[in-house]
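# Structural characterization, general
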Amino acid sequence: MGTVIKATKREPGSQSKLTKIRKNGKLAGVIYGYNTESTPILLDYAETEKTVRRNGHSAIFEIDLDGKKMKAVLTDIQRDAIKGKVKHVDFLAINMSLDLEMDVPFTLVGEAVGVNEGGVLTQPNHTLKLKLNPTDIPETIEIDISQLKIGDTLALGAVRNQFKFEILNEDEYTLAIITHPARSEEVSNVGSEEVAATKTEALEVK
């Protein structure tokens, strides 16, 4: 699948100028990192959205910046607070021969015993920080929760050894919780606080 995203250099401007850029179907961004200076860029909004959707936010993209091609990963997305529309993206140019640290989404799979018994599943976090070679970046990491019962909390330490990746999060990092229905609202509030504190999660252009 194609991962090429064409970009052009842009002049940094005011908020009003960025708003005009978006109205013209363009997307402001920046690329920085390996073998390149931090450079403001301009992308086609529709084409960028289509490429990211097709390949996944964890893919390695080839940024064609006015004819200079660089391998890069998407590291940040800024959205309009009201409409949710993407207004800015960050790309990190990478050296394909060196390991990098990257947040990768994880997916809970399996039907938990506790859910079948009437419990409520809460997922306080949605990404894991990995250190790995760019060629090994997975689109998502699947974590089996089928054995969880009501009252159980699944922390990273219980499943870390199941994966070949070097995971940088602490063993206490919470992946899933099964609660009694009466306690679900309380735990969800705690979970949303944790999410807000670790908000560098799955990056997907919408």
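See the structure above.
These numbers come from a predicted model, not from an experiment.

### Observations regarding the nonpolar core
- Ranked by size, the top nonpolar core spans 27 residues in total, and within it Leu128, Leu130, Ile137, Ile141, Ile143, Leu154 and Leu175 carry the most contacts.
- Broken down by secondary-structure element, the contributors of at least two residues to this core are β7 (100–109), β9 (127–132), β10 (141–144) and β13 (174–179).
- Residue contributions to this core peak at 5 residues, all from β7.
- In contact with Leu154, not counting residues within four places along its chain, are Ile143, Asp144, Ile145, Leu148, Val159, Tyr173, Thr174, Leu175 and Ala176.
- Ranked by size, the runner-up nonpolar core spans 20 residues in total, among them Ala59, Met70, Val89 and Ala93.

### Observations concerning the layout of surface pockets
- Its boundaries defined by the atoms lining it, the second largest pocket holds a volume of some 200 Å³.
- Around the second largest pocket sit Val4, Ile5, Lys6, Ala7, Thr8, Lys26, Leu42, Leu43, Asp44, Glu47, Thr48 and Thr51, which together line it.
- Within the residue set of the lining of the second largest pocket, elements represented by two or more residues are β1 (4–9), β3 (36–44) and α2 (45–55).
- At 5 residues, β1 tops the list of elements feeding residues into the lining of the second largest pocket.
- Looking at the lining of the second largest pocket residue by residue, the class counts come to 5 nonpolar, 3 polar and 4 charged.

### Thoughts on the sheet that holds strand β6 (residues 86–93)
- Judged by pairing direction, the barrel is mixed, and its 6 strands sit side by side in the order β1-β3-β2-β6-β5-β4 before closing back on the first. Each neighbouring strand pair of the sheet contributes to a mean axis angle of 45°, computed without reference to strand direction.
- Examined bridge by bridge, β1 and β3 share 3 bridges and lie antiparallel to one another. In the strand pairing of β3, Thr8 is matched with Leu42.
- The sheet contacts of α2 involve β1, β2 (26–33), β3, β4 (61–65), β5 (68–79) and β6, and relative to β3 the element is tilted by about 105°.

### A closer look at the packing of aromatic side chains
- Counted according to the given criterion, the structure contains 1 aromatic pair.
- Taking the centre distance of 6.1 Å and the plane angle of 80° together, the rings of Phe61 and Phe91 count as edge-to-face. With Phe61 in strand β4 and Phe91 in strand β6, the pair connects residues that are 30 residues apart, well separated along the chain.
- Among the residues examined, Phe61 registers a relative accessible area of 0% and is labelled buried.
- A cation over a ring is seen here: Lys85 above Tyr45, with NZ or CZ 4.1 Å from the ring centre.

Each value, and the rule that gives it
- Residues numbered from 1 in each chain as written.
- Predicted model: local features only at pLDDT ≥ 70, side-chain atom pairs only at ≥ 80, totals over all residues.
- Heavy atoms only, no water.
- Core = buried A, V, L, I, M, F, W, Y, C linked by side-chain atoms within 4.5 Å.
- Buried < 20%, exposed > 50% of the residue type's maximum accessible area, 1.4 Å probe, protein only.
- Helix = DSSP H or I, 4+ residues; strand = E, 2+ residues; numbered from the N terminus.
- Contact = heavy atoms within 4.5 Å.
- 1 Å grid on protein atoms, 1.4 Å probe; cavity = no way out; pocket = protein on both sides within 12 Å on 5 of 7 lines; lining within 4 Å.
- Points joined across faces, edges and corners; volume = space filled by probe spheres on them.
- Nonpolar A, V, L, I, M, F, W, Y, C, P; charged D, E, K, R; others polar.
- Pairing = 2+ DSSP bridges.
- Axes fitted to C-alpha atoms, helices over the stretch in contact; angles between N-to-C directions.
- Phe/Tyr/Trp six-rings, centres within 6.5 Å; stacked < 30°, edge-to-face > 60°.
- Lys NZ or Arg CZ within 6 Å of the ring centre and 35° of its normal.

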